[in-house]
Amino acid sequence: MHPGRQLGVLGLVFVVLYLLVFFAAGASGSWKQRLEPKLGLDLIGGTQATYIASQQGAPPNKEDMETAREIIEQRVNALGVSEAEVVIQSDNTIVVSLAGKAEEQLKSLAQAANMRFRLLTAVTGDVSSVAVDPPSAAPSAPASGAPAASGSPSVKPSSGAPKASTGGQGGGAEAPSPSVTPSAEPSAAAPSASAAAPAPVTADIKAQREAVAKKVGAAWAAAEKLTGPVDLTTDPTAGLPFKAFASLTGAEVNALDPAMQFNVPTISCKQLDQRPNGSIDDVNSTVVACYNGAKVQLDKAEVVGDDISQAAPQLDSTTGQWVVSLDFKSEGQKKWAELTRKAFNAGATEPCYIAASAFGSSGETHCSVAVVLDKEVISAPQIQAVLTGQSQITGDFDAVSAKKLADQLNFGAIPVTFQAGPAQTITATVGDQQLEAGLLAAAIGLGLVAIYAFFYYRMLGLVIFLSLGLSALLTFGALVFLGRSIGFTLTLAGIVGFIVSLGVAADSFVIYFERLKDEIHEGRSPRSAVPRAWQRAKRTILSANAITIMCAVVLYIVSIGQVQGLAFALGLSTVLDLLVVFLFRHPIMTVLASTKAFLSPRVSGLGRVLRSSQTEEPVSSRVKEA
Amino acid sequence: MANSSSLANRLYRGEANINIVGRRKMWFTIAGVLVLIAIGSFFIRTFHLGIEFAGGSEFSVPAQVAGKTITQDAVYDAVRTAVHAVEPNAQVNAAQQVGAGAEANFKVRSAALTATEMSDVKQAIATDLGVAESDISDQQVSSAWGGAVINKALLGLAIFLVLVTAYLVVSFEWRMAAAALASLVLDLLITAGVYSLVGFEVTPYTVIGFLTILGYALYDVVVVFDKVRENTRGITAGSTRTYAEATNLAVNQTLMRSLNTGLVALLPVGGVLFIGAGLLGAGTLKDLGLVLFVGMGVGVISSIVFAAPVLSYLKDQEPKIKSHNARVLARRAQRSDDVAAGGERTRSGNRTASDEVPAFAGGTTPRPGARPVAKRQGGGAGNRPGGKRR
C-alpha cells in the first residue's frame, strides 16, 4: 500500500472526528466550550439527591434497602456511562450523586416501578370542588377543579355519558359535574362487595385513621356509612357533609380504607395523587386511583411486574405511537391470559363491565384492565381478546418515556418507597488538586517515555512521540464527542487508564522497532527490513491488542459504574492506538526507510547492530545505562 | 572497556544468553513459595478494606455558623486530625460541599468508627473549628461500591478468562493458553498478596487497577509466546535444540523488548504513583498508582520467568516434543565425544563476534541466547532452522 494513502485516511479520520466534535450531537457555545469533555463526579462535583425510604410506614429492612440501592444504581447507569455514586446512609436513606447538573435525571430515579395489572371495577367523578362548595363554585372551581378539567377532555365524549367536566371548566354555578354518572351508579354495588371485607390493617394505620376521624369530625361517621360513591348529579349538595375530607393531606387520605377513598366525593384526584409513593402497591387489596380525570376503583392485582420477563419500547407501525411491548414469564403468561379472559368474557351485569361502559366506547364493551405503575394508571384499555402472547402497553408515550418505562420494568421494582428530598449541588470528591496532579502525572509519564524513546531509539523516538501525540488528539476528540453523545464522563480513574495506555501504546513501537533491529541484525537493508518487520510485528501487536480489547469489551458489557468507565477508556485508547499504528507509524517508517540517514547510529540507533561494538564505545556505554 | 559480551550489549542484540527456562524448577519453587505466602496472608492478615467497601462514618459540618464561614480545607483538616487522633490508620476521604449559600454544609467520610469514637471525634472537630457540637451531625454510610459492582466485576473477570482462553487456544494452542493463564493467576495472587501483606487500603480504584492488570499481564505474555511460536515452528524437523532451549532463545530474544516495554509502561505509572503518594499523600492517584505499579511490575517479571518455563514444562510432556527432545540430546551426547569446545559444526558458518565469547562450558549445548542466524551482510537468514521463516 502506498504510504501516502494511509496518511490520507488518517487525515480523513481526523477531519471527520473533529467535525463531529465541533458540530455534532448538540454542540453549542463558543469554540472553547465545544472542546470541553464531560468530566465525572469526582472531578467537577455534581448533583446529589437524598431519598428517605419506608416500607409500609416502617423503616425498611436491610436486604430491601440494598436491593433498592442496586436497582437505583442500575437505573442511573442506564442513563449513560456516567458513574454515579449510590450510597445507603444510616438505615433508611439513599444518597445518589451524579456528575454535573442532573436534577432532571434524579427526579424519577427512586420511583418504585411497581407494575400492577388490575381490573377496573368502578368509576366515579372527581368533583371535589363542586361537592365542597356547590353554591359558589365559580371562584373556587378553577383552583382545585383543575385536575379534573385537564383530565376530562381525554375521556372520550363519544361514550355518550354526560360526564362533561363542566364543573371544573365552565365554573357554572349549579353545574353538576358528575362524571360517569348514570352508568356508574349501579357500580355502587360492586365496591360494597369489596368493602365488605376490609383488609386487616396495622396498628400504625389504625392510629392514623383515628387521627383522621378526629380531624374530620362528624363527616367520618357519614363516610363510614357510605356503600357506594355519592352521586352528585341528582343532588349537588350531597357532598356537603363530607366537606372536611377535602382538607386532608395525601398521607391522610392514604390511611383511609380504599372504599372510603372512592366513595367520599370530596376526596379529589389531586389528593389521591399526593398520596405517598407505594400507596397502591398492595397486590391483595382493592385500590383507588385516578384515570382520565375520574376516580376509578381497581380490583386486586392479578398480574404484577415480576411476571414480566422482558419489556422493550416499540414504535407501533400502524398507529405511529410509541408503546412498550411485554413478554411474560411462563407463569405470568398464564395469569395474564386468565386476567384477559375474565375481562373479555365479562357479562353486562358484572361491575367491571359497567365501569368500562361508563368510560366506554360505542361498540362492543369488554372490561378494562388498568396498567398501574406506582401511583399512576398508565392506561386502561378494554380487552379486545384473550391475550396469550406478547402484549403491549399503550399510553401517552414518546420515545423517551417508552424507553424509561421499559427500563424501569426491566430493572425491577424497588421494594421500598421513597420520599425524595431536594437535589443539591455538591463539590468534587477529588477536586482540582488531584485533577491537576493527574494531568501532571500524565505529562511526566509522557515526558519520561519520550526521553527514553529518544535515548534508546534516537530519531525513531520522534516517530513514537508524534504518534503518541496523534493518539492523544484522537482520544481527546473522541472523549469530547462521546461525552456529549452517549454521556461518557471522564473520571480520575479514566485519566489514569489513559496514562496506562500511554505505556501500552508505546509498547507497540517497542515490538516493531525490536523486530526491525532483528531484521537489520540479520543483514537486511532498511528498505526490505521495514516491510518484513512490519509483517511480523503486526501480527504480534494485533494478537496482543486483541486481548486488551476483549478485556475492555467484556468488562464494559458486564460491569457497572466505574469499572465500566475504565473499560471504556481502555478499549477506546487501544482501538485508537491501533488506528495510529496502522495509519501513521507504518507509512512513516516506510518513508523513513528510504532515507539515507535512517541507518546512521546517530539518527536511528538501529545501525548500531550492524557495527562491531569495538568501534562504537560511546554507544554501548549508553546502552548500559538503559 | 565495553566489549561485545557486556550484558547490556548482548541484551541489546537479544543475545543475553541467560538461562531462564533451564532453571524452571527454581522459578516454580519461588513462585510456589510466593503463592503460599500470598494465600497465607489472605487468611492471616486479610485485607484492609476502604470505606467504599466496608462502609464508614460521615460527619457534616455547616459551612456557616453564627455568621462565621468555614472553608472546605479547614473542615477536612479538622476531621482528619480528629479521626486520626482516635484511629491513626483510618482512611479519611476529601471533604465535599453539599448545597450552596446558607444551606451549605461540608461532608467528610472516614473509615467506620464506633459510637464513642464518633462522639470523641465530633467533640474534637467542634473545638477545632469553634462550632457547637450540636451543629455537627454524624451518620453511618454504607459501602458505596457494595457487592453489586464487585460481583459484576468478578463475573466480567470470569467471562473474560473463558473468552481469552478460547482465543489463545484457537490462535496459539491449549498449552500456551494454560501457561498464560497460570502466569496471570500468579500475577493476581502475588499482587493481592502484596496488598494484604503490606496492608495497603483496598479501594474501588484498587479494583479498577486490578482489572487493568489483567489485560496488561496477558498482553505481555502473548508477545513472548508469539516469539516462542515462531522459534519452535517446525522444531521437530531439525535436531539442534530442544523445545526448552528454543523457548529460552525466544525469551532471550524478547528480553530487551520485555524490559523496554516494562520500563515504558512503568514510567508513566511511576509518575502517577510519585505524584499521588509523594505530593498528595493519600487519594485516588496513590491507590491506582500503587496497584498498577505492583501488578505491572509482577506482570513483566512473570511473563519472563514464569510463563515461558511453564510453557516449556507443558510442552515437554507432549509425546512428539518428548521424543524430539530425546533425539536432540542423544545426538548431542554422541557428538560431544568428537567435537571440541567451540561450537557446533552445523553452525560454524554463522558465527558472529559474540559467538567467540567463551560460551557455556562444554560448548556442545547451544548457548541459550545463541542466534540461529547472524550473518553480517547479504544472505540473511540462510541457515535458519527449518520452518522459522514465514
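Residues numbered from 1 in each chain as written. Chains lettered and ligands numbered in written order. Predicted model: local features only at pLDDT ≥ 70, side-chain atom pairs only at ≥ 80, totals over all residues. Heavy atoms only, no water.

What about the sheet that holds strand β11 (residues 391–397) of chain A?
All names here are of chain A. Taking strand neighbours across the sheet as the criterion, the three strands line up as β7-β8-β11 in an open arrangement whose pairing is antiparallel. The strands lining the two open edges of the sheet, one partner per strand, are β7 (308–315) and β11. Taken pair by pair, the neighbouring strands of this sheet meet at an average axis angle of 25°, ignoring direction. Here β7 pairs with strand β8 (residues 322–328) via seven bridges, running antiparallel. Across the sheet, Ala312 pairs through a bridge with Ser325, a residue of β8. (Pairing = 2+ DSSP bridges. Helix = DSSP H or I, 4+ residues; strand = E, 2+ residues; numbered from the N terminus. Axes fitted to C-alpha atoms, helices over the stretch in contact; angles between N-to-C directions.)

Here's the deal with the pattern of salt bridges
All names here are of chain A. A full pass over the atoms with the stated rule returns 21 salt bridges over all chains. Measuring nitrogen to oxygen at the nearest pair gives 3.2 Å for the salt bridge that ties Arg69 to Glu66. Here Glu66 and Arg69 lie together in helix α4 (residues 62–77), a separation of three residues that amounts to about one turn. A relative accessible area of 0% places Arg69 in the buried class. Two residues, Arg536 and Glu519, come together in a salt bridge whose shortest N-O distance is 3.5 Å. Placement of Arg536 in helix α22 (residues 526–558) and of Glu519 in helix α21 (residues 492–521) is noted, with a sequence separation of 17 residues between them. (Salt bridge = Lys/Arg side-chain N within 4 Å of Asp/Glu carboxyl O. Buried < 20%, exposed > 50% of the residue type's maximum accessible area, 1.4 Å probe, protein only.)

Some thoughts on the sheet that holds strand β9 (residues 369–373) of chain A
Across a sheet, strands are paired by hydrogen bonds formed along the backbone, either parallel or antiparallel in direction. Residue and element names in this part refer to chain A. Read across the sheet, five strands follow the order β5-β6-β4-β9-β10 without closing on themselves; strand pairing throughout is antiparallel. Of all strands in the sheet, those bounded by a partner on one side alone are β5 (287–291) and β10 (376–379). For this sheet, the mean angle separating the axes of adjacent strands, direction not counted, is 50°. Where strand β4 (residues 115–125) lies against β9, five bridges are found, and the strand directions are antiparallel. If you follow Phe117 over to β9, its bridge partner there is Val371. Running over the sheet, helix α17 (residues 351–359) touches β4, β5 and β6 (294–304) and is turned about 70° from β4. (Contact = heavy atoms within 4.5 Å.)

Let's talk about the UniProt feature "transmembrane region" (unreviewed entry) in chain A
Residue and element names in this part refer to chain A. Under the UniProt annotation, the feature "transmembrane region" (unreviewed entry) is placed at residues 437–455, 462–482, 488–513, 541–560 and 566–584. Taken end to end, residues 462–482 has its terminal C-alpha atoms 30 Å apart, with 100% of it in helix and 0% in strand. Taken end to end, residues 566–584 comprises 100% helix and 0% strand; its first and last C-alpha atoms sit 26 Å apart. (UniProt positions renumbered as here; feature names shortened; annotations may be inferred.)

Let's talk about the UniProt feature "transmembrane region" (unreviewed entry) in chain B
All names here are of chain B. Listed under "transmembrane region" (unreviewed entry) in the UniProt record, and renumbered for this structure, are residues 26–44, 153–170, 177–198, 204–225, 263–282 and 288–314. Along residues 26–44 one finds 100% helix and 0% strand; the C-alpha atoms at either end are 27 Å apart. Here residues 153–170 is 100% helix and 0% strand, with 25 Å between the C-alpha atoms at its ends.

Describing the pairing of strand β2 (residues 85–89) of chain A
Two faces, one strand: in a regular strand the side chains alternate between the faces of the sheet. Most of β2 of chain A is tucked away: four of the five residues are buried. Counting the residues that bridge the hairpin from β2 of chain A to strand β3 (residues 93–99) of chain A gives three residues, and of these Ser90 of chain A lies at a positive phi of roughly 50°.

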